[in-house]
Amino acid sequence: MNHWKEAASVILVARYLTRPPAKGFDYKVLMLQRSSKTKFMPSASVFPGGVLDKADYSEEWLGILKMAGTTYTGRHGLPTACDKPPILCLDRDSGISNEIALRICAIRETFEESGILLARNANTVPNESNKYRTLNSIADTGIDTAHLKDWQFKVDSDAHNFIDMCKELHIIPDIWALSEWANWLTPTNVRDSVHSGRRYDTIFYICCIDKIPDSSYCTREMVSLKWSTPTEVLGMYYPDKAIWLAPPQIYELSRMQNCTSVNSLHQFSVERRKHGLDRWLPVRINCTDGVLSVLPGDDLYPTYPYLEGKIEPTTLSITMEEAKLNYKHLHRFEIRDFHDCVIISNVSPKHGHLSPLKVDVVPAARI
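Rules of the game
- Here, residues in each chain are numbered from 1, in the same order as that chain's written sequence.
- Reporting in this predicted model follows two pLDDT cut-offs: at least 70 for local features of residues, and 80 or more for side-chain atom pairs to be given and counted; totals over whole chains, interfaces and linings ignore these cut-offs and use all residues.
- Side-chain measures were taken over the full set of non-hydrogen atoms in the model, leaving aside hydrogen atoms and water.
- The rule is simple: take the accessible area with a 1.4 Å probe, protein chains only, and divide by the maximum for that residue type; under 20% is buried, over 50% is exposed, in between is partly exposed.
- Think of each axis as a best-fit line through the C-alpha atoms, taken over the contacting stretch in the case of a helix, with angles from 0 to 180 degrees between the N-to-C directions.
- Numbering of helices and strands runs from the N terminus, with a helix taken as a DSSP run of H or I at least four residues long and a strand as a DSSP run of E at least two residues long.
- Any angle that is under 35 degrees is reported as roughly parallel, and any over 145 degrees as roughly antiparallel; angles of 65 to 115 degrees are reported as roughly perpendicular and all others as oblique.
- Crossing handedness: left-handed means the near helix sits turned counterclockwise from the far one by under a right angle, and right-handed means the same turn made clockwise.
- Any two residues whose heavy atoms approach within 4.5 Å are treated as being in contact.
- Any residue that is not Ala, Val, Leu, Ile, Met, Phe, Trp, Tyr, Cys, Pro, Asp, Glu, Lys or Arg is counted as polar, Gly included; the first ten are nonpolar and the last four charged.
- When DSSP finds two or more bridges between a pair of strands, those strands are recorded as paired.
- Put simply, buried Ala, Val, Leu, Ile, Met, Phe, Trp, Tyr and Cys residues joined by side-chain atoms within 4.5 Å make one nonpolar core.
- Within this document, salt bridges are pairs made up of a side-chain nitrogen of Lys or Arg and a carboxyl oxygen of Asp or Glu, the two lying within 4 Å of each other.

K.L.:
Quick one: what's the story with unusual backbone geometry, residue by residue and with numbers?
P.N.:
Phi angles above zero are rare outside glycine, and M41 is one such case at about 50°. Owing to a relative accessible area of 9%, M41 belongs among the buried residues under this scheme.

Printed below as a string of C-alpha cells:
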C-alpha cells in the first residue's frame, strides 16, 4: 500500500533588475494561488508542481533525451550527489530513472500551471562545460504564443501530450537547469481540511533564469500568478494575511533570504547540490497554546518517526515557550493559527544548505 504519492515542484527564480540594489533583492520568485475548490491545500500560495505521472517515466523520453547528445547511463549528464533521499533512489520497471522522471514532472507541471516552458531547442542544449555554470534563460523556441497555449491545455488534459509536444516541436525539457533544493514529506496527522487526507513526498528543485518570462496560469487549478521577492511573499503571509503559505514554503522562502542576488543564489544552488539532501517529515506535537511541528535535529524529534498511516500527535502539558526553554537543540515551527507559523532554529544545516533567516515582520499579536 502506498501511503503517499511522489511529486515534484520548482522554485522558479527570475532576475527583474539589471543591477543589484543597494538593499533588497534583484530577483523575484514565482508564486501561484490555488483555487479554494482544490482538495489539497485550498487557497494556498505555492510553487508550481504536482504529482509524478506514468508518462514522466515513459521510455519514449529516451529518444527525446538522445537529441541532447548525452550518452544514456541512467543520469544523462546530471551531477552525482553524496546523499540522496529515498524518492531519488526508487527503481522502476523503466529505462527512465526517478531522478530524470521527477525533473520531467517538475517541468511539465510548471508548464501546465503557469504556461512557462523550461525547455530548449534540441540544437541548443548546453555542452558539458557550461551545462550548469551559466544562469539559465527561457530559450526562444520560436513557438507561437497561441500554439503554446494550445499545448498547455493539451498537456494539462493528459500528461502524455507533453511527450508528443516535445517530439513535434523538437524541444527537450531542460532537466539540467534544475538543482535539488529540498525534500518534504506530508505529516501523518495534519487535519483533513488542509490536506484532504492526502500525503505527498515532494522533491523541490530550484531554477534561476535571467528575466521574468511571459506566463498564463491554469484557471482550472489556480486563481492568480504573481512574481515577488521572498521577503514580499512572507510579508503578505505574516502581517497582511493576504495569502496563506504551508510550512515548507515558509521555510524555503526564509532560506532564500540569505541570497539577495540571483547570481549568488544560482551559484550556491549549483555548488550545494553535490552534497545531496535528506527527506524531512515534520512531526506535530500539541502544546497548551499551539502546535509544534518539529524537524530533524530538534531534541523533540523522534529517533524513528512514524512514516505511515495516521497517528494522534503527542501532547505536552506546557506552552511552546516552555518547550523552547526546556530543550537545547531547536528545529521547529511554532504554529498558533493559519497566519502565525514561526520558524525556530538554532541547529546547523546539513548538506551545505542555508539556515532560514528570521522574517522581519511578525504577526501583530506577537509584537
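K.L.:
Describe in detail the packing of helix α6 (residues 230-237) against helix α7 (residues 247-256), supporting the description with residues and values.
P.N.:
In the contact formed by α6 and α7, the axes pass within 9 Å of each other and the chain directions differ by 140°. It follows that α6 is oblique to α7 by the angle criterion. α6 and α7 meet at a crossing whose hand is left-handed. Judged by residue contacts, P230, V233, L234 and Y237 of α6 engage I250, L253, S254 and M256 from α7. Here the residues of the contact of α6 with α7 are counted per class, giving seven nonpolar, one polar and no charged.

K.L.:
Describe the packing of helix α2 (residues 98-114) against helix α3 (residues 145-157), with residues and values.
P.N.:
Two elements in contact, α2 and α3, have axes whose closest approach is 9 Å; the angle formed by their N-to-C orientations is 115°. Crossing hand, α2 versus α3: left-handed. Contacts between α2 and α3 involve R108, F111, E112, E113 and S114 from the first element and L148, W151, Q152, V155 and D156 from the second. For the contact of α2 with α3, the per-class residue count stands at four nonpolar, two polar and four charged.

K.L.:
I'd like to hear about the sheet that holds strand β14 (residues 340-345), residue by residue, with values.
P.N.:
The strand order across the open sheet formed by five strands is β12-β10-β11-β13-β14, and the pairing between neighbours is mixed. Where the open sheet ends on each side, the last strands, each with one partner, are β12 (314-315) and β14. Sheet topology note: the strand β10 (residues 283-287)/strand β11 (residues 290-294) ladder contains five bridges and is antiparallel. Within β11, the residue paired with I285 across the bridge is L292. α7 rests against β13 (331-337) and β14 of the sheet, and its axis sits at about 50° to β14.

K.L.:
Residue-level account of the nonpolar core, with values.
P.N.:
For soluble globular proteins, the rule of thumb is that nonpolar side chains tend to be buried together. Counting residues in hydrophobic clusters, the biggest one holds 51 residues, and the most contacted among them are L12, W61, L117, F162 and M165. At the level of elements, β1 (5-15), α1 (60-66), α2, α3, α4 (160-169), β6 (171-173) and β8 (200-209) are the ones that each hand at least two residues to this core. Not counting residues up to four positions away in its chain, the partners in contact with F162 are W61, I104, I107, R108, F111, L117, V155 and P173. In terms of nonpolar packing, the next biggest core, distinct from the first, is built from 50 residues, I206, C208, V233 and L245 among them.

K.L.:
So what's going on with the pattern of salt bridges? Residues and values would help.
P.N.:
Any two side chains of opposite charge can pair, so long as their charged atoms come close to each other. Evaluated as defined, the whole model comprises 17 salt bridges. Put simply, E99 and K84 hold a salt bridge, and the shortest N to O gap is 3.1 Å. You can see E99 sitting in helix α2 and its partner K84 sitting in the loop between α1 and α2, a full 15 residues away along the chain. When its relative accessible area of 8% is taken as the criterion, E99 is described as buried. Using a relative accessible area of 32% as the deciding quantity, one classes K84 as partly exposed. Across the salt bridge formed by R220 and D156, the nearest N and O atoms sit 2.8 Å from each other. With R220 in the loop between β8 and β9 (222-228) and D156 in helix α3, the pair connects residues that are 64 residues apart, well separated along the chain. Put simply, D56, R108, E109 and E112 are held in one network by salt bridges that share partners.

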